[in-house]
Every structure is written in structure tokens, then in C-alpha cells.
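Residue-level listing of the chains:
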Amino acid sequence: MNEPKLQLAASVLVNGIKKITGNGHSGAEQLSDKNKRISEAAYSIVGNSNEPVIKSCSSIFNILNGNSGHCGYRAAMLSENRINYPVADPVADVSELRKKAASVLNSSTEDLKPEAESLNSLLELIENFGSYIPCGKYDDISVFDHTKLTAAVSLCISDWLCENEEWENKINTNDFLNQKAFMIFSADISGIQSFIYNISSKSALKGLRARSFWLELMLENIIDELLGKLELLRCNIMYTGGGHAYLILPATKKVREAIDSFTKELNYWFEDNFGTDLYIGCGFCECSANELNNKPDGSYREIFHAVGNMISRSKINRYSASEIIHMNSRKPGDSERECVICKRSDKLKTVNGMCCCSICSGLLELSDSITDKSGVYFTVLSEKPEHAPSVILPFDRYLVSDTHEELKNRLNSASYLRSYGKNVGDAELHTTRLWVGDYCSEKELARLSESSAGIDRLAVFRADIDNLGQAFVNGFDDAHVNIMRTSEFSSKLSLFFKHDINSILAEPQFRLDEGSGGRNAVIIYSGGDDVFAVGSWNDIIGFAVDLQKALGKFSLNTLTISAGIGLYPAEYPIYEMASETGRLEDTSKSNPGKNSITLFSDDSCYSWNEFSEKVIGEKYGAIRRFLDTNSEKGKAMLYNMLELIRNRNNENRLNIARFAYLLARVRPTDEKSPDFREKIERFDSFKKQMYAWIQNESDAKQLITAIYLFVYTERERTDNNER
């Protein structure tokens, strides 16, 4: 990457730092005249923000999906690991944060070298300190997102001028604003979920997490490879996660050719290593600065429609004739052996006495490092290491894990390319920090199941946000929609699902049982809008309630989520767990209005409010309060009551006499007890409630689920009857 471009990006980042620290001087003093004009043009497009920061950063969710809120954030660092919910009256004072920022950021710019690695590290520091400080003019855009986007636009203009030199002295004119100088590019990997789940149950939890993280890191490395080819920085990344990526690029011949060769080479690699299981579809749309700012109205949305349509066409017509010939020329695998983890029969090797394919063997060797909480970096090499476990990546790359000292020693090796840190960055080593939802209380499914309250069962949780694509494309009205707000929206949502979700699990709010401490649960993946977690059944249900409430609080109720929860013994095939829970999630998505949860089977689908207030708060609460002192008789009564309620539709009537008999068995009989009258009053109240509920369709349905939750909580470990 040439030095003038690096200096251009550096000046924008330095301006962002000065905005955070309160030093308002421009960082463009050392720029050439050409770069000064480019910088001025970029600030004009993104929006100049010379106004001083005098109030808190407003939430982007104030104006999402028709909302008209007035909430903002307290000034905070991301490294505090505390969820920064928007509130009505946030503290606007940024002095303390500025003191912390000044001691770190000012020293980072003193000897700043115009190198890609240094600038990418500087961008991470700006993210840490500037994600909750407004850029000035636009109080709902953070300094981080404003700085990042301005740097990206500057680099795009610089590259576009190389092919359009006649515009060098006209980029600050209105005519330039209508030139197709920019490109929104998107990549979407298909087959991710099948790849993650398609493993045996042997060491399933470790394998699931390793495969999920490898896919996430593979996408990041793919994007870094493309940025390297294009001589751009990570500021050009608008969003990555869940197999999707959006970038802002210059609309040049070089970029178009690079995307074409990049896509072909990558899909050849996918086909060679995974057959047709994984595929990357790419799309792009060239656009003007005015269109990025939605001028004329509706033009910004059309950019994303065009990109989406191109990706759809790519997925429908996946392979060219030459690629199909290449696939048909592959030699069949060893029909007598298969990988013990994913069942493939090609590219096999033996690891620790087990027959594995090349991908599974590499992930098996790295799985302990991948699933570790901290202290590990993941390094990409151009050559296969001789004395370290590794797993392959596209473009003939290899992934290894390093400690801090190992990485320091590896930096000067000829094969070193880049390194990533899971939820940790290191400016000295120029690692790229990847936010990852990696909460993990146990490393084995059986241990999670054993930690459950009552019944020895796992729960699998799958969920994603409702209508997220619509929110991105149509969530902001014409007066507010532009690339800045898309960037801010993407940034905040990514932080919630990759960063804040760890806190939601570590600090439970709702519990079915009387447990304490963090959840007995593990995140398999969480990114973008998608969550997959497993854990003790009671903690997963509690987590589901916490996550829905946290998302509502975080998004000011502008976003909803739909989920499915399945219940399984630990030895149940993991692929079936994922598949069946996915169908439960689909049931929630099919519920009118979505915004629902489906537990255990399709006939237990509820809106979140109905589940929280009616199933848990009303029905489960009533059962718990009455039967806590009479659990043995109560469980027998509830088991029989379940059969009675479920059979009433078959018999077209309710057997009131039998129902009365069941309730009578738990009527208090100790007349000499000093609190006998009080017990009788509680019983009469309980009986009245039950009579009313069992005769109403929706109440009866809620009651069935509440009964299951209670008996599961109270069930003895020797009682292994299935639902």
C-alpha cells in the first residue's frame, strides 16, 4: 500500500483520536495538496463534524422502524465488559473517559508509522474509546463509526482518482457527487449451519465450538486477503459476521477484476475441500456519493436491493461449465474408511488413533486453544508449520494458535501474515481483535446435562432477529437513511451479539430454579442476528428470557427475536438436536407477528409476553407457590392432570369429576395445624384458578407447558421418563 494513501488514512484516524480526547486540531497538516482535497471531499460526503462534543451519544435505535425515542449512552469504554444500554437521561460528561483515552491514544500517535498494521491497530483503539462518544454534528453517530467510514471513503476516492485522473481537481464539486466512484460489496457463505452441525457426538461440544470459530475466523481472513489485494484497510469493512460481509470499495476496474478472481479461486477451494457443502456468493453495486446519502430518496435502498439480487443470482447459478467439469473429475474417496467426526471419505489421516479428514484433524488439534477463554492468538501463515498443529484456510494459508510470547517470536518469520485475538487486541503485536460470543461453563455436553435442575437434560437454543433484512433496508425513513446510519446500526448490533451476550450469560436475571452464579451454558455461535447455545435445560430457558428482554432494552423495542428450545439427553445426536430445534425456531417465525418462543414441540409456541407473563409468571408461579410444600403429592397430581388436559380434545369434553378428584388429593388435611385455615384458603384459590384455566383453550395450553416446567424442575434423577 503506497505511503500517500497510508498518510491519508492516518490523518483521518488521528482526527478521530483528537475528537475523543477533546483536542480539536486537524490531523491533515502533513498531507499533500491532493490528499487534502480528498480528505475534504470525504468529510463532505460522510458529514463534517467540527462541533464540540457537549452531550451524550444518542442511540441509533431512537429512529429505527418508526421509533421516536430520545435515549442515549453513558460515555464508556468497550473494555469495561458491561452492557451499555441506552437510557432516557444519560450522563453527558465525557471528562473521565477522555482522561483515560488521552493517556493511551496520544502516545499511540506520537511515533505513528504509516503502515497498514499500525493503522488497523489504531482503528481498534478508536473503537474501544470512541464507540459511545458522538462525532459532533450527528449525535447518533459515534466517533468510531464516523472516523472509520471517513477513512474508508477517503481511500475509495484516492483509488478511484488513479483511474479517473481528470477528476483530481473536481472532487469537491457537485458533479463528483453523482459519479459512480464507490461500490458496496457483499459476500455470503452458504452451508454454514450444515457444516457446523454435521459431526458425530464424540467430543461434540468442543467440535461444534471449534468449527463455528474456524468459520468466523476464516471469513475474517478471507476479507483481509481481499483487502490486501486491493491495498485497503479494515476501515473499509462495514460488517462481518454469521457468514456475511459488507464492504465499501472504490468502483474501479482493478476492484472488479479482483472480486471476480477472488470469488472463483475461493469457490474452487471450497469445492476441493467440501464438495458442494460450502459456497460463497458475492454481489456488488456501483454507486455515487449522493446515492450513499440517499439522494434522491430511495436510492440508498436500491443499492442493497441490487447487491442482494446479484448474490441470489450467484447462488442459483453456482457453477460454470468448467467448474462442473472440475467437480466431476475429482477422484472418489476411500470407500472403506470415513472421518469419525464428519463422515467424509476423502483427504483422510490418522490423529491420535482416529481416522479424520484434513479439516477435522486440524480442528481437533487446535480445539483446546479455540475453546480456551483467553490468552491465545490465532496466526495465519503462508506455509504449513512443521512443529505446530494447524488447520487449512483458503488461498494456501494455515492457521495456528500462539501464546503472546510465541506470537512475538513468530512475527519476523517469513511465513507470518497476520494474527487475530479472541476478544483481545494487542497494538504492539498488531493483532486484529475479533469480538466473539464465547461464554463457556463446561467443555462436555454430559457435564452440562448433569448440572441441570431436576431432570438430567440438555436444552438447545436457536434464535435470530425477526425481519433484520427489512430493518437494514427500510428501517430508517428517507430523512435519516444513509451509509453512516447503516454503519452505526451494524456496529451496535454486532457488539450486542458478539460482545454483550457474554455478560447476559454471566449475570443471569431470570431463573426457574434457585441457582446462583453464571449460566451452565455454552455459546456455539453468536453473530449478526443468529444465536446457537446449549446448556442445562433450566439455564437455557432462563437465558432465553434474559436475551429477549436485553434485546428489547438494547434496541428500545425496535427489534424482536424468535427462538426455539429443544430438550434432549446428552447422548442424542447433535445434528438432530440442531435440526429439530431449528424447526421449533421456524414455528416461532410462523407465529403471527413472530416475536415468539417455541418450547419442546410445535404445540407450545407463545409470544414472549405470553410466555413470560402467562406461562411463567401466572401458571408456573401459581403451581410453584402452592406445591412447594407438597411436592410429592403435587407431582403425581400434575402428571395425571396432564393426561386429563391433553385427552380432553379427543373426548370432546372435560372430565370434571376426575379433575376434582385429582385436586382433592392435595387438599390440606392437617386440621390441627395452626395455619390450617390459611392453607385451605390457598388451596381454594388454587383450585379456583385451575378450574378456570383448564376450561379455556389458551389457558389450558399455557398450563400444560407450566406443568412440564415444574415437574422437570422437581423430577428425581432416577426418573428418566421422556415427555
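Residues numbered from 1 in each chain as written. Predicted model: local features only at pLDDT ≥ 70, side-chain atom pairs only at ≥ 80, totals over all residues. Heavy atoms only, no water.

A. Structural detail: the packing of helix α20 (residues 608-627) against helix α24 (residues 697-714). With their axes 9 Å apart at the nearest point, α20 and α24 run at an angle of 55 degrees to one another. Here α20 lies oblique to α24, going by the angle between them. When you trace α20 past α24, the crossing you get is right-handed. Residues E610, F611, K614, V615, I616, E618, K619, Y620, I623, R624 and L627 of α20 form the contact with α24, whose participating residues are D699, Q702, L703, T705, A706, I707, L709, F710, T713 and E714. (Axes fitted to C-alpha atoms, helices over the stretch in contact; angles between N-to-C directions. Helix = DSSP H or I, 4+ residues; strand = E, 2+ residues; numbered from the N terminus. Parallel < 35°, antiparallel > 145°, perpendicular 65-115°, else oblique. Left-handed = near helix turned anticlockwise from the far one by under 90°. Contact = heavy atoms within 4.5 Å.)

B. Here's a closer look at the nonpolar core. Of all hydrophobic cores here, the largest spans 229 residues; its most connected members are I157, F182 and W214. Beyond its immediate chain neighbours, meaning those up to four positions away, I157 contacts I38, A41, A42, I45, I171, F176 and F182. (Core = buried A, V, L, I, M, F, W, Y, C linked by side-chain atoms within 4.5 Å. Buried < 20%, exposed > 50% of the residue type's maximum accessible area, 1.4 Å probe, protein only.)

C. Up close: the sheet that holds strand β10 (residues 391-393). Read across the sheet, five strands follow the order β10-β11-β9-β12-β13 without closing on themselves; strand pairing throughout is mixed. Since the sheet does not close on itself, it has two edges, and those belong to β10 and β13 (432-434), each with one partner. When the angles between neighbouring strand axes are averaged without regard to direction, this sheet yields 35 degrees. Pairing between strand β12 (residues 416-422) and β13: three bridges, direction parallel. By the bridge assignment, G421 is partnered in β13 with R433. Those strands touched by helix α13 (residues 358-371) are β9 (377-381), β10, β11 (397-402) and β12, and its axis lies near 110 degrees from that of β10. (Pairing = 2+ DSSP bridges.)

D. The arrangement of the environment of F496 in detail. When you line up the elements, F496 lands in helix α17 (residues 483-506). Spatially, the C-alpha atom of F496 lies 9.3 Å from that of G437, the residues being 59 residues apart in sequence. With residues up to four places along the chain from it excluded, the contact list for F496 reads I501, I504, L547, A550, L551 and F554.

E. The pairing of strand β18 (residues 596-599), seen in detail. Because side chains alternate across β18, one face comprises the buried residues S596 and T598, and the other comprises I597 and L599, equally buried. Two elements, strand β17 (residues 561-568) and β18, share three bridges in a ladder whose sense is parallel. Within the sheet, the bridge partner assigned to I565 lies in β18 and is L599. Since β17 and β18 lie parallel, the crossover through helix α19 (residues 574-590) that links them has a hand, and here it is left-handed. Here β18 runs beside strand β19 (residues 605-607); their pairing, made up of three bridges, is antiparallel. (Right-handed = clockwise from strand over helix to strand, strands pointing away.)

F. View of the side chain of D546. One can find D546 in helix α18 (residues 537-554). In this structure the side chain of D546 is engaged in a polar contact, spanning 2.9 Å, whose partner is the backbone nitrogen of Q509. For D546, the contacting residues outside a window of four places in its chain are I504, P508, Q509, F510 and R519. (Polar contact = N/O pair within 3.5 Å; in protein donor to acceptor, adjacent residues only side chain to side chain.)

G. Examining the packing of aromatic side chains more closely. Under the defined criterion, the tally for this structure stands at 28 aromatic pairs. Between F195 and F274, the aromatic rings sit 5.4 Å apart at their centres with planes inclined by 90 degrees, giving edge-to-face as the arrangement. Note that F195 is positioned in helix α7 (residues 192-197) and F274 in helix α9 (residues 253-274), a separation of 79 residues in sequence. Across the pair, exposure class does not vary: F195 and F274 are buried alike. Here F270 and F274 contribute two aromatic rings whose centre-to-centre distance is 6.3 Å and whose plane-to-plane angle is 55 degrees, an arrangement assigned as tilted. Taken as a pair, F270 and F274 lie in helix α9 at a separation of four residues, close to a single helical turn. A single burial state applies to F270 and to F274, both of which are buried. Through a chain of ring-to-ring contacts, the aromatic side chains of F61, F472, F476, F489, F496, F497 and F554 assemble into a single cluster. The ring of Y85 has K553 sitting right over it, with the charged end atom 4.3 Å from the ring centre. (Phe/Tyr/Trp six-rings, centres within 6.5 Å; stacked < 30°, edge-to-face > 60°. Lys NZ or Arg CZ within 6 Å of the ring centre and 35° of its normal.)

H. Broad picture of the environment of L399. Mapping L399 onto the fold places it in strand β11. Residue classification places L399 among the buried positions, given a relative accessible area of 0%. Linking L399 and P385, residues 14 residues apart in sequence, is a C-alpha distance of 9.2 Å.

I. A look at the sheet that holds β19. The strand order β15-β16-β14-β17-β18-β19 describes an open sheet built from six strands, whose pairing is mixed. Each of the sheet's edge strands pairs with one partner strand only, and the pair in question is β15 (521-527) and β19. Across the sheet, the mean angle from the axis of one strand to that of its neighbour is 15 degrees, orientation sign disregarded. Most of the contacts of α18 go to strand β16 (residues 530-536), to which it runs at about 145 degrees, and overall it touches β14 (458-465), β15, β16, β17 and β18.

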